[in-house]
Every structure is written in structure tokens, then in C-alpha cells.
Amino acid sequence: MKLIDTLRIQAHANRLINQRLHAAMASLSQAEFEAPRVGFFPSLKATLNHILDVDGFYVGALLGEPDLDSFWDRFVPAATLAELTQRQAEEDRRLIRAAALDPAREVAMPRGGGRIQRDSAAAVLMHLFMHQHHHRGQLHAMLSSTAVRPPQLDEFMMPSEAHLRATDMAAAGFGEQAVYGARS
């Protein structure tokens, strides 16, 4: 499998994971969404906003957007799960577009003090995917302290497990061939 194919699958899996995770949390009250919990960030709301914030920065860098040096100052956290779900879905669609571009191209990321970090798009994408997994694992653990059963989140990568993701793929409007390519 080529690197670009792996990145395409991972970007689509990211969307499906977020879709499933946000749907599982939809029954939580605003108080439960904001309640203090054990994790790197102190609540489901804070953790999800952190993921959204970091996704926005890295996807912006991948897409070559201007004014990234002030990105962190401009970010406004989502107040509700419904708002966060909508904003994350849009960021996920942007990530899918970014993952389809040349993985070898250089990405410039302002890091403060005039320093520009430069890495390949593939390295930036792999870093971003790892960041998402790290914090979604924390969300999964946080959900264990609610009435919501933490959803299965690892059924989206293996090409042979289409039956496990069919409902999620249909809800996202993805086709197996477009994401996974032709398989024998």
C-alpha cells in the first residue's frame, strides 16, 4: 500500500471515529459534558475543544492557510456538544482534503518567536493522527464514568472489516472503493 493510500484511509477513519464518538455523547446533558473528569484536560468539553483546536492549526498548515501565527489566539472553543460536533465534522472534511495532497510536500508551521517548523505533509499528518488517538483514548476513559457506553473506535482501518463500519460509512457518505480502493 502506498503512503498516500494509508493517509487517505486514516483521514477517513478519523471522520468515522469522531462521528461515532460524538453520537455516543449526544445523550449527555450540558452539565455532564462540562463535568470535571480525570484526564489531561479536565472535561469532555475541554478535551474535545483541544482536539478541534489542534486539528484546525495542523490542517490549516497542511492547506497552506495564512495567518497561522495568530491561530491559537483566534480559536473560540465550542460551548455545546452540538456546536462542537458540527465544527469537528467540517474540520474532518478539511483533513480529508489535506490528506489527499502530495505527502512529500513541505509544510511550514509557525512556532512563535519567528521560528518556522518545516516537515513533510506525511509527518505532519502522522503526528496529527497520533495526537487525535491520544486524546480520544482519554475521552473514551472519561465516558466510562458516565451512563454512556464508550463506543468501539478501532473498526475503521482494516480493509477486510467493511461489515463493521458499513453503517458509519453510509452515514458519512463514504464509499468503500473511494476510501479503500479496489480489493481482490
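Look up a bit, the structure's there.
A.B. asks: Explain the overall build of the chain to me, using residue names and the numbers behind them.
C.D. replies: What the chain contains, in helices and strands, is eight helices and two strands. When the elements of the chain are put in sequence order from the N terminus, they spell out α-α-α-α-α-β-β-α-α-α. What you see for the chain is a C-alpha radius of gyration of 17 Å, in line with the 16 Å of a compact globule of 184 residues. For the C-alpha atoms alone, the extent of the chain along its principal axes is close to 50 × 45 × 20 Å. Within the chain, counting contacts between residues at least 6 apart in sequence, those at least 24 apart form 65% of the total. Roughly 9,200 Å² of accessible area belongs to the chain as shown, and the carbon and sulfur atoms make up 58% of that amount. One finds the centroid of the 19 positive side-chain charges in the chain at a distance of 2 Å from the centroid of its 21 negative side-chain charges.

A.B. asks: With reference to specific residues and values, describe the packing of helix α3 (residues 44–62) against helix α5 (residues 81–99).
C.D. replies: Where α3 contacts α5, the two axes come as close as 10 Å, and the packing angle between them is 30°. Considering the angle they form, α3 stands roughly parallel to α5. Our pair here, α3 against α5, has a crossing hand that is left-handed. Residue-level contacts link Lys45, Leu48, Asn49, Ile51, Leu52, Asp55, Gly56, Val59, Gly60 and Leu62 of α3 to Leu81, Leu84, Arg87, Gln88, Glu91, Asp92, Arg94, Leu95 and Ala98 of α5.

A.B. asks: A description of the pairing of strand β2 (residues 116–120) should follow, citing residues and the corresponding values.
C.D. replies: Sheet topology places strand β1 (residues 106–110) next to β2; five bridges connect them, and they run antiparallel. The residue of β2 that forms the bridge with Met109 is Gln117. Counted along the chain from β1 to the antiparallel partner β2, the turn is five residues long, and its residue Gly112 has a positive phi close to 90°.

A.B. asks: How would you summarise the nonpolar core if you had to cite specific residues and measurements?
C.D. replies: Of all hydrophobic cores here, the largest spans 47 residues; its most connected members are Met25 and Leu44. Elements with a minimum of two residues in this core: α1 (3–25), α3, α5, β1, α6 (121–143) and α8 (176–180). Residues in contact with Met25, not counting those within four places in the same chain, are Leu44, Leu48, Leu81 and Leu143.

A.B. asks: Which residues make up unusual backbone geometry, and what values go with them?
C.D. replies: The backbone of Asp67 shows a phi angle near 60°, a positive value even though the residue is not glycine. Take Asp67: it is sitting in the loop between α3 and α4 (71–74). Judged by relative accessible area, Asp67 falls into the exposed class, the value being 52%.

A.B. asks: Run through the environment of Ala82, naming residues and quoting values.
C.D. replies: Assignment of secondary structure puts Ala82 in helix α5. The class of Ala82 is exposed, set by a relative accessible area of 60%. Here the alpha-carbon distance between Ala82 and Ala23, two residues 59 residues apart in the chain, equals 9.8 Å.

A.B. asks: Lay out the pattern of salt bridges with the relevant residues and their values.
C.D. replies: Under the defined criterion, the tally for this structure stands at 10 salt bridges. Linking Arg94 and Glu65 is a salt bridge whose minimum nitrogen-to-oxygen distance equals 2.3 Å. Of this pair, Arg94 sits in helix α5 while Glu65 sits in the loop between α3 and α4, and the two are 29 residues apart along the sequence. Taking the relative accessible area as the measure of exposure, Arg94 reaches 13% and is therefore buried. With relative accessibility at 30%, the residue Glu65 sits in the partly exposed group. Note that Glu176 is salt-bridged to Arg165, the shortest N-O span being 2.8 Å. Highlighted residues: Glu176 in helix α8 and Arg165 in helix α7 (residues 162–172), separated in sequence by 11 residues.

Conventions and cut-offs
Each chain has its residues counted from 1, running along the sequence as written. Only residues with pLDDT of at least 70 get local features here, since the model is predicted, and only at 80 or more are side-chain atom pairs given and counted; chain-wide, interface and lining totals rely on the full set of residues. Side-chain metrics rest on all non-hydrogen atoms present in the structure, leaving aside hydrogens and water. What counts as a helix is a DSSP run of H or I of at least four residues, what counts as a strand is a run of E of at least two, and both are numbered from the N terminus. We compute the radius of gyration from the C-alpha atoms alone; for a globule the expected value is 2.2 Å times N to the 0.38, where N is the number of residues. Here, residues are in contact when the closest pair of their heavy atoms is within 4.5 Å. All accessible-area figures derive from a Shrake-Rupley calculation using a 1.4 Å probe, and residue coverage is judged against the displayed protein chains alone. Residues counted as positive are Lys and Arg, residues counted as negative are Asp and Glu, and His and the chain ends are not counted. Note on charges: their place is set at NZ of Lys, CZ of Arg, CG of Asp or CD of Glu. Axis geometry follows a simple rule: fit a line to the C-alpha atoms, using only the stretch in contact for helices, then measure angles between N-to-C directions, giving values from 0 to 180 degrees. To sort the angles, those under 35 degrees are grouped as roughly parallel, those over 145 as roughly antiparallel, those from 65 to 115 as roughly perpendicular, and the leftovers as oblique. Crossing handedness is defined as follows: a turn of the near helix away from the far one that is anticlockwise and smaller than a right angle gives a left-handed crossing, while the clockwise case is right-handed. At least two bridges found by DSSP between two strands are what make those strands a pair. The set of buried Ala, Val, Leu, Ile, Met, Phe, Trp, Tyr and Cys residues whose side-chain atoms join them within 4.5 Å is what this entry labels a nonpolar core. Exposed residues in this analysis have more than 50% of their type's maximum accessible area, buried residues have under 20%, and partly exposed residues fall in between, with area computed by a 1.4 Å probe over protein chains only. The working definition used for a salt bridge is a side-chain nitrogen of Lys or Arg within 4 Å of a carboxyl oxygen of Asp or Glu.

In short, shape yes, function no, at least from these values alone.
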